[in-house]
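Examining the three-dimensional arrangement
Chain by chain, the residues:
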Amino acid sequence: MEQEDTPSVLALSRQNLPQLAGTSIEGVSKGAYTIVEEKDPDAILIATGSEVALCVEAAKLLEGKFSIVSMPCAKLFDEQPIEYRRKVLPFKTPIIAVEMAAASGWYKYANHAIVMRTFGVSGKGSHCMDYFGFTPKKIAGSIKEWLGNAGKEMKSHGFAVAAQFEEPAKRNLHY
């Protein structure tokens, strides 16, 4: 709890989540960081919370190389020097966000987002995750489909995302 000028939150989960290799307190303090790094990856998968573990498992099911970025705090990431942000989210690499909620905000950081597009349903957590496509197998299928279509064009043209250009954000109490 080093933040003295802004609110802080502890986000806990009832899910049985793995302790992922590559996670670090230093990385969290930067808002986003690479937990699985590949040289010249086919794509970067970016997520926060429990979705990070889903990305790690989905990447294992795919052919090719995939870097995984954990983004626990977009606001802290926005405050980092542009060089750091471009290192985590480099040019000419498709970036795919995975979020078990709405896409709100992800298109600043990603070229594509695998997200909820409807309201939720009631049921056992694992059944709901399967219904909405948030299993490693279904996420891998969505990634493969996007990379084979729009993602292929994105990679050839090198479309960028806003986070690669903006000056570092200034911290204030109203963000």
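Residue indices follow the written sequence of each chain, beginning from 1 at its first position. The predicted nature of this model means local features are confined to residues of pLDDT at least 70 and side-chain atom pairs, given and counted, to a pLDDT of 80 or more, with totals for whole chains, interfaces and linings taken over all residues. With hydrogens and water set aside, each side-chain value is computed from the structure's full complement of heavy atoms.

**Quick look at the packing of aromatic side chains**
Our working definition: Each Phe, Tyr or Trp ring, with Trp reduced to its six-membered ring, pairs with another whose centre is within 6.5 Å; inter-plane angles below 30 degrees give stacked pairs, above 60 give edge-to-face pairs, and intermediate values give tilted ones. Note on exposure labels: buried denotes an accessible area under 20% of the residue type's maximum, exposed denotes more than 50%, and partly exposed covers the range between, all computed with a 1.4 Å probe on protein chains only.
Throughout the structure, instances matching the rule amount to 4 aromatic pairs. When the ring of Phe77 is compared with that of Tyr84, the centres are 6.2 Å apart and the planes differ by 65°; the resulting orientation is edge-to-face. Of the two residues, Phe77 and Tyr84, both sit in the buried class. Ring plane angle 75° and centroid distance 6.4 Å describe the contact between Trp106 and Tyr109, whose orientation is recorded as edge-to-face. A single burial state applies to Trp106 and to Tyr109, both of which are buried. Three or more aromatic residues joined by ring pairs make a cluster, and in this case those are Phe77, Tyr84, Trp106 and Tyr109.

**Here we look at the nonpolar core**
Threshold: For our purposes a nonpolar core is just a set of buried Ala, Val, Leu, Ile, Met, Phe, Trp, Tyr and Cys residues, chained together by side-chain atoms within 4.5 Å. A run of H or I in DSSP becomes a helix once it reaches four residues, and a run of E becomes a strand once it reaches two; helices and strands are each numbered from the N terminus. Only heavy atoms enter the contact rule, under which two residues are in contact if any of them lie within 4.5 Å.
Among the nonpolar cores identified, the biggest contains 46 residues, and Ile46, Phe77 and Ile143 are the most heavily contacted of them. The set of elements that each furnish at least two residues to this core consists of β1 (33–36), β2 (43–47), α2 (50–61), β3 (66–70), α4 (82–88), β4 (95–99), β5 (112–115) and α6 (136–148). Those residues in contact with Phe77, other than ones at most four positions away along the chain, are Lys30, Gly31, Ala32, Met71, Tyr84, Arg85, Val88, Leu89, Tyr109 and Ala163.

**Section: the pattern of salt bridges**
Put simply, the rule reads: Salt bridges, as used here, are contacts in which a Lys or Arg side-chain nitrogen is within 4 Å of a carboxyl oxygen on Asp or Glu.
Using the criterion set out here, one finds 4 salt bridges in the structure. Where Asp78 meets Lys108, a salt bridge forms, and the shortest distance between an N and an O atom there is 2.9 Å. Here Lys108 lies in the loop between β4 and β5 and Asp78 lies in helix α3 (residues 74–78), a separation of 30 residues in the sequence. We note a salt bridge from Lys138 to Asp130, for which the minimum N-O separation is 3.1 Å.

**Description of the sheet that holds β3**
Quick reminder of the rule: When DSSP finds two or more bridges between two strands, those strands count as paired. Lines fitted to C-alpha atoms define the axes here, with helix axes fitted over just the stretch in contact, and angles between the N-to-C directions of these axes take values from 0 to 180 degrees.
The strand order across the open sheet formed by 5 strands is β1-β3-β2-β4-β5, and the pairing between neighbours is mixed. Edge positions in the sheet fall to β1 and β5, since each has one partner strand and no second. Neighbour-to-neighbour, the strand axes of this sheet turn through a mean angle of 30°, independent of strand direction. Across 3 bridges, β1 lies against β3 in antiparallel orientation. Note on β3: the bridge partner recorded for Val36 is Ile68. Those strands touched by α2 are β1, β2, β3 and β4, and its axis lies near 175° from that of β3.

**Re the packing of α2 against α6**
Counted only if it meets this: Comment on the angle field: the value is read as roughly parallel under 35 degrees, roughly antiparallel over 145, roughly perpendicular from 65 to 115, and oblique elsewhere. By convention the crossing between two helices is left-handed if the near helix lies anticlockwise of the far one by an angle smaller than a right angle, and right-handed if it lies clockwise. Under this grouping Gly is polar, as are all residues other than the nonpolar Ala, Val, Leu, Ile, Met, Phe, Trp, Tyr, Cys and Pro and the charged Asp, Glu, Lys and Arg.
For the pair α2 and α6, interaxial distance at closest approach is 8 Å and the crossing angle is 65°. Judged by the angle between their axes, α2 and α6 are roughly perpendicular. For the crossing formed where α2 meets α6, the hand is right-handed. Residues Leu54, Glu57, Ala58 and Leu61 of α2 pack against Pro136, Lys137, Ile139 and Ala140 of α6. Of the residues that constitute the contact of α2 with α6, the class distribution is 6 nonpolar, no polar and 2 charged.

**Observations concerning the packing of α6 against helix α7 (residues 150–157)**
Contact geometry of α6 with α7 gives a least axis separation of 3 Å together with a crossing angle of 55°. Classified by the angle between their axes, α6 and α7 sit oblique to one another. In this structure, α6 uses Trp146, Leu147 and Gly148 to contact α7, whose residues at the interface are Ala150, Gly151, Lys152 and Met154.

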